[in-house]
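Residues per chain, in single letters:
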Amino acid sequence: NQTAVSDFLLLGLSEQPEEQSLLFGVFLGMYLVTMTGNLLIILAISSDPHLHTPMYFFLANLSLTDACFTSASIPKMLANIHTQSQTISYSGCLAQLYFLLVFGGLDNFLLAVMAYDRYVAICQPLHYNTAMSPQLCALMLVTCWVLTNCPALMHTLLLTRVAFCTHKAIPHFYCDPSALLKLACSDTHINELMIITMGLMFLMAPLMLIVLSYVRISCAVFGISSPGGRWKAFSTCGSHLTVVLLFYGSLMGVYLLPPSTHSAESQSRTAILYMVIIPMLNPFIYSLRNRDMKEALGKLFGNGKIFLLPL
């Protein structure tokens, strides 16, 4: 049953013909909202000199990463629905997997870096400009790219050594690495070890840094005697903490729960949360409660009153 595979089948979210038009419309709408929202965040930050700070520098990069992360899977799903085809080429599947690993990992590391930025701003405000200098911010960004590209490339190259069986249906709307390995006819122990290693690197290491940062932030904030001062300090972390809870909560729901607790179909639908919905919500989370962002977006449209809603 072993052969050279030229393509795979992405079964998607539903095989019912009557549901395809609805899925196409819903995901096209969410994809357009995601791209528009994140590009507006990038344009607003780049066009407003007041937002040229470390916090907004990393937010702009997070928005770019979210747009790329969603673009790695949704356009192919939309194209398959439109053409009534489920195929994805072997090379296309590996390329999609590589970009999903890169931008998914980059999302994790950027959230960790943003948590560290909030820790320095709240716990060491007098040293903030020195500790978060432009040179250091650029170095941190480059480090994030290196830490995501190297293991993602290694994992993708290791998959090229795997022989696949004639059965080539993937019960997802994207090339999931675990689902791919289930189709293998050759030994996959190294690939499985790589998945565990990447899981620890992409998920647990950034999460531990985020938790540690917020523990230190909480200790510093609760040491403030004024309730107003405590609320002001916590309010600067609210948007980031909301995104962290949504992102890691959905990731853990997909990858850390025992496989017996949910089917491949439910896993695929849960993956929509962190691959589509959260990148779509991030621009709203970071802008609706942020006066600086609302002012920058208002200037971008030439009418600041649109976004200057009362806090």
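All figures in this text were calculated on a predicted structure; none of them were measured in a lab.

**Quick word on the side chain of asparagine 108**
Working step 1: Of note, asparagine 108 is situated in helix H4 (residues 90–123).
Working step 2: Judged by relative accessible area, asparagine 108 falls into the buried class, the value being 4%.
Working step 3: Dropping the residues within four chain positions of it, asparagine 108 is found in contact with Phe202, Leu203, Pro206, Phe247, Tyr248 and Leu251.

**Section: the packing of aromatic side chains**
Given two aromatic rings, their pairing is described by the distance between the two centres and the angle made by the two planes.
Working step 1: Inspection of the entire model under this criterion finds eleven aromatic pairs.
Working step 2: Consider the rings of phenylalanine 69 and tyrosine 274, whose centres lie 6.4 Å apart with planes at 20°: the pair is stacked. Placement of the pair is phenylalanine 69 in helix H2 (residues 54–71) and tyrosine 274 in helix H11 (residues 264–288), with a sequence separation of 205 residues.
Working step 3: Owing to a relative accessible area of 5%, tyrosine 274 belongs among the buried residues under this scheme.
Working step 4: Taken together, a centroid distance of 5.5 Å and an interplanar angle of 85° make the contact between phenylalanine 247 and tyrosine 248 edge-to-face. The two residues phenylalanine 247 and tyrosine 248 agree in class, both being buried.
Working step 5: By the ring-pair criterion, three or more aromatic residues cluster together here, those being Tyr98, Phe99, Phe103 and Trp145.

**Quick word on the sheet that holds strand S5 (residues 169–170)**
Working step 1: Reading across the sheet, the three strands line up as S3-S2-S5 and stay open at both edges, with mixed pairing between neighbours. Of all strands in the sheet, those with a lone pairing partner are strand S3 (87–89) and S5, marking the two edges.
Working step 2: Alignment of strand S2 (residues 7–10) against S5, held across two bridges, turns out to be parallel. Within S5, the residue paired with leucine 10 across the bridge is isoleucine 170.
Working step 3: H4 contacts S2, S3 and S5 of the sheet and is inclined by roughly 85° relative to S3.

**Some words on the environment of serine 63**
Working step 1: Its place among the elements puts serine 63 in helix H2.
Working step 2: Taking the C-alpha atoms as reference, serine 63 lies 6.9 Å from isoleucine 41; in sequence the two are 22 residues apart.
Working step 3: For serine 63, the contacting residues outside a window of four places in its chain are Asn38, Ile41 and Ile42.

**Observations concerning the pairing of S2**
Working step 1: A one-sided burial pattern is seen for S2, the buried positions being Phe8 and Leu10 and the unburied ones Asp7 and Leu9.
Working step 2: When S2 meets S3, the two strands line up antiparallel, connected through three bridges. Bridging from a neighbouring strand, phenylalanine 8 pairs with isoleucine 88 of S3.

**Regarding the UniProt feature "transmembrane region" (unreviewed entry) in the protein**
Working step 1: Look at the UniProt record and you will see "transmembrane region" (unreviewed entry) annotated at residues 22–44, 56–75, 95–116, 136–154, 193–215, 236–258 and 270–288.
Working step 2: Helix makes up 100% of residues 95–116 and strand 0%, whereas the separation of the span's terminal C-alpha atoms amounts to 32 Å.
Working step 3: Secondary structure across residues 270–288 divides into 100% helix and 0% strand, with the first and last C-alpha atoms of the span separated by 26 Å.

**Examining helix H3 (residues 74–83)**
Working step 1: All of the buried residues in H3 are Ile74, Met77, Leu78, Asn80 and Ile81. The arc that holds the buried residues of H3, viewed along the axis, is 160°, so those residues lie on one side. Turned more than 90 degrees from where H3 packs its buried face, His82 and Thr83 sit exposed.
Working step 2: Among the residues trailing H3, glutamine 84 stands out with phi positive, at a value near 55°.

**Some thoughts on the side chain of threonine 148**
Working step 1: Relative to the elements of secondary structure, threonine 148 occurs in helix H6 (residues 134–159).
Working step 2: Within the structure, threonine 148 has its side chain in polar contact with the backbone oxygen of tryptophan 145 (distance 3.0 Å).

**As for a nonpolar patch on the surface**
Working step 1: A cluster of nonpolar side chains, Val33, Leu246, Leu281, Phe284 and Leu288, forms an exposed patch at the surface whose accessible area comes to about 380 Å².
Working step 2: Counting residues per element, the nonpolar patch draws most heavily on H11, which supplies three residues.
Working step 3: Inspection of the secondary structure assignment puts leucine 288 in helix H11.
Working step 4: What makes leucine 288 partly exposed here is its relative accessible area of 47%.

**A look at the packing of H4 against H6**
Working step 1: Between H4 and H6, the shortest axis-to-axis distance is 8 Å and the interhelical angle comes to 150°. One element, H4, and the other, H6, form an angle in the roughly antiparallel class. The element H4 and its partner H6 pack so that their crossing is right-handed.

**As for the packing of helix H1 (residues 20–47) against H3**
Geometrically, a packed helix pair is captured by the angle between its two axes and the distance between the axes.
Working step 1: The contact between H1 and H3 brings their axes to 10 Å, and the two run at 150°. Considering their axes alone, H1 and H3 lie roughly antiparallel with respect to each other. Once H1 is placed against H3, the crossing between them reads as left-handed. Contacts between H1 and H3 involve Gln20, Leu23, Phe24, Phe27, Leu28 and Tyr31 on the former and, on the latter, Ile74, Pro75, Met77, Leu78, Ile81 and His82.
Working step 2: Considered class by class, the residues forming the contact of H1 with H3 number ten nonpolar, two polar and no charged.

Cut-offs and rules
- Residues numbered from 1 in each chain as written.
- Predicted model: local features only at pLDDT ≥ 70, side-chain atom pairs only at ≥ 80, totals over all residues.
- Heavy atoms only, no water.
- Helix = DSSP H or I, 4+ residues; strand = E, 2+ residues; numbered from the N terminus.
- Buried < 20%, exposed > 50% of the residue type's maximum accessible area, 1.4 Å probe, protein only.
- Contact = heavy atoms within 4.5 Å.
- Phe/Tyr/Trp six-rings, centres within 6.5 Å; stacked < 30°, edge-to-face > 60°.
- Pairing = 2+ DSSP bridges.
- Axes fitted to C-alpha atoms, helices over the stretch in contact; angles between N-to-C directions.
- UniProt positions renumbered as here; feature names shortened; annotations may be inferred.
- Arc of directions from axis to C-beta.
- Polar contact = N/O pair within 3.5 Å; in protein donor to acceptor, adjacent residues only side chain to side chain.
- Patch = residues over 30% accessible without salt bridge, like charges linked within 9 Å, V, L, I, M, F, W, Y side chains within 5 Å.
- Areas by Shrake-Rupley, 256 points an atom, 1.4 Å probe, with all protein chains shown as cover.
- Salt bridge = Lys/Arg side-chain N within 4 Å of Asp/Glu carboxyl O.
- Parallel < 35°, antiparallel > 145°, perpendicular 65-115°, else oblique.
- Left-handed = near helix turned anticlockwise from the far one by under 90°.
- Nonpolar A, V, L, I, M, F, W, Y, C, P; charged D, E, K, R; others polar.

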